[in-house]
Amino acid sequence: MSDIDANLERIRDRMNQACARAGRQTEEVELVAVSKTKPAEVIQEAVDAGQVLFGENRVQEVMQKKPLLPSRLRWHLIGPLQSNKVRKILPLVEMIEAVDSLDIARDINRIAAELGLHPKVLLEINVATESSKHGFSATMIRQQLEELYRLDRLYIQGLMCIPPFDPTPEHSRRYFQQLRTLRDELEKLGGAPLPVLSMGMSHDFEVALEEGATLVRVGTAIFGGR
Ligand SMILES: *Cc1c(COP(=O)(O)O)cnc(C)c1O
C-alpha cells in the first residue's frame, strides 16, 4: 500500500467518525483531494486508491494534468479565477468553487452562454472579512444575491470559505458555523436551496464536518507537503 493509499484510507475513516459524531450520513459529504502542485503520476496513485474528485487552484494546472489522467475523474477549481481564463476552464471542471465577486460571476455567466454550458458554482465568503482574502463579505452577498440569481446560466449550489489559518482546529469552528448560518439566511432571502458547504482543509476538516460541511478540501494530509 502506498502512503497516499494509506492516507486516503485514514482520512475517510476520520470523515466517517466525524459524521457519526454529528449524526450525519457519510453519503452527504465528499472528499475533494487537493492535488495542486502534484504531478499526474502522483494523482494517479490517489486514483488507484479509489479517489475520483480532485481540486486544483490554478487553471493552467488543470489544463496540463487533466489530459494525462482518466477522463472519468471529476475536477473542481478551488482557487480564484481571472476573467481571461474563464473560457479555458469552463469545459474542464465540474464546479467552480471560488466565485468571489459579481464581476467574475457575470463573466462566467456570459461565457457559459456562449459555450452552451450551465456550470455549477459556489460563492466564496470572506468569513473573517480579512482584507487580504478573496470573497464576498456577508453584507455584500446579501446585497448582491438577487443580481447573482439573475445570471441564469449559473447553478449556484452553495458557499465556500477559507478561514484564517489557525493550527488549532477548534478555532475554525466559529467560521464554519458562520458560513452555515449565512447559508440558512441566504436560502430564505433568495428562496432557493444552497445545499453545498465547502469548508475544512487538512488540519480542520473534522470540525468542518461537525458543522455541516458537504465538501472538504484536503491536500497535505493526502499528498504530503508542497
Ligand atoms: C491548498 C488548498 C486546500 C488544501 O489545503 P491543505 O492544508 O493542504 O489540506 C484547500 N482549499 C484551498 C482553496 C486551497 O487552495
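Residues numbered from 1 in each chain as written. Predicted model: local features only at pLDDT ≥ 70, side-chain atom pairs only at ≥ 80, totals over all residues. Heavy atoms only, no water.

### Remarks on unusual backbone geometry
Within the chain, T37 stands out as a residue other than glycine whose phi angle is a positive 70°. The phi dihedral of T129 is positive, around 40°, even though this residue is not glycine. Judged by its relative accessible area of 57%, T129 is exposed. (Buried < 20%, exposed > 50% of the residue type's maximum accessible area, 1.4 Å probe, protein only.)

### Some details on the site of the ligand
Within the structure, the ligand sits among V34, K36, I78, I162, M201, S202, R217, V218, G219, T220 and R226. Taking K36, its side chain carries an N or O atom lying 2.7 Å from an oxygen atom of the ligand. The contact in question runs from an oxygen atom of the ligand to an N or O atom on the backbone of G219, over 2.8 Å. Considered on its own, the ligand offers 390 Å² of accessible surface; in the complex 89% of this is hidden by protein. Its residues assigned to classes, the shell around the ligand comprises 5 nonpolar, 3 polar and 3 charged. (Near = heavy atom within 4 Å. Polar contact = N/O pair within 3.5 Å; in protein donor to acceptor, adjacent residues only side chain to side chain. Areas by Shrake-Rupley, 256 points an atom, 1.4 Å probe, with all protein chains shown as cover. Nonpolar A, V, L, I, M, F, W, Y, C, P; charged D, E, K, R; others polar.)

### What about the pattern of salt bridges?
Evaluation of the coordinates by the stated rule reveals 21 salt bridges. Between K65 and E61 there is a salt bridge, with the nearest N and O atoms lying 2.7 Å from each other. Here E61 and K65 lie together in helix 3 (residues 59–65), a separation of 4 residues that amounts to about one turn. The pair formed by K65 and E61 is uniform in burial state, with each residue classed as buried. When the shortest N-O distance is used, the salt bridge between E211 and R180 registers 3.2 Å. Of the two residues, E211 sits in the loop between helix 8 (205–210) and strand 8 (215–218) while R180 sits in helix 7 (residues 173–190), which places them 31 residues apart along the sequence. (Salt bridge = Lys/Arg side-chain N within 4 Å of Asp/Glu carboxyl O. Helix = DSSP H or I, 4+ residues; strand = E, 2+ residues; numbered from the N terminus.)

### Observations concerning helix 2 (residues 40–48)
All buried positions along helix 2 are accounted for by A40, I43, A46 and V47. Seen along its axis, helix 2 keeps its buried residues to an arc of 110°; they face one direction. Exposed side chains of helix 2 directed beyond 90 degrees from the buried face belong to E41 and D48. Packing partners of the buried residues in helix 2 comprise helix 1 (3–21), strand 2 (53–56), helix 3, strand 3 (74–77) and helix 9 (220–223). At the exit of helix 2 stands G50, carrying a positive phi of roughly 100°. (Arc of directions from axis to C-beta. Contact = heavy atoms within 4.5 Å.)

In short, shape yes, function no, at least from these values alone.
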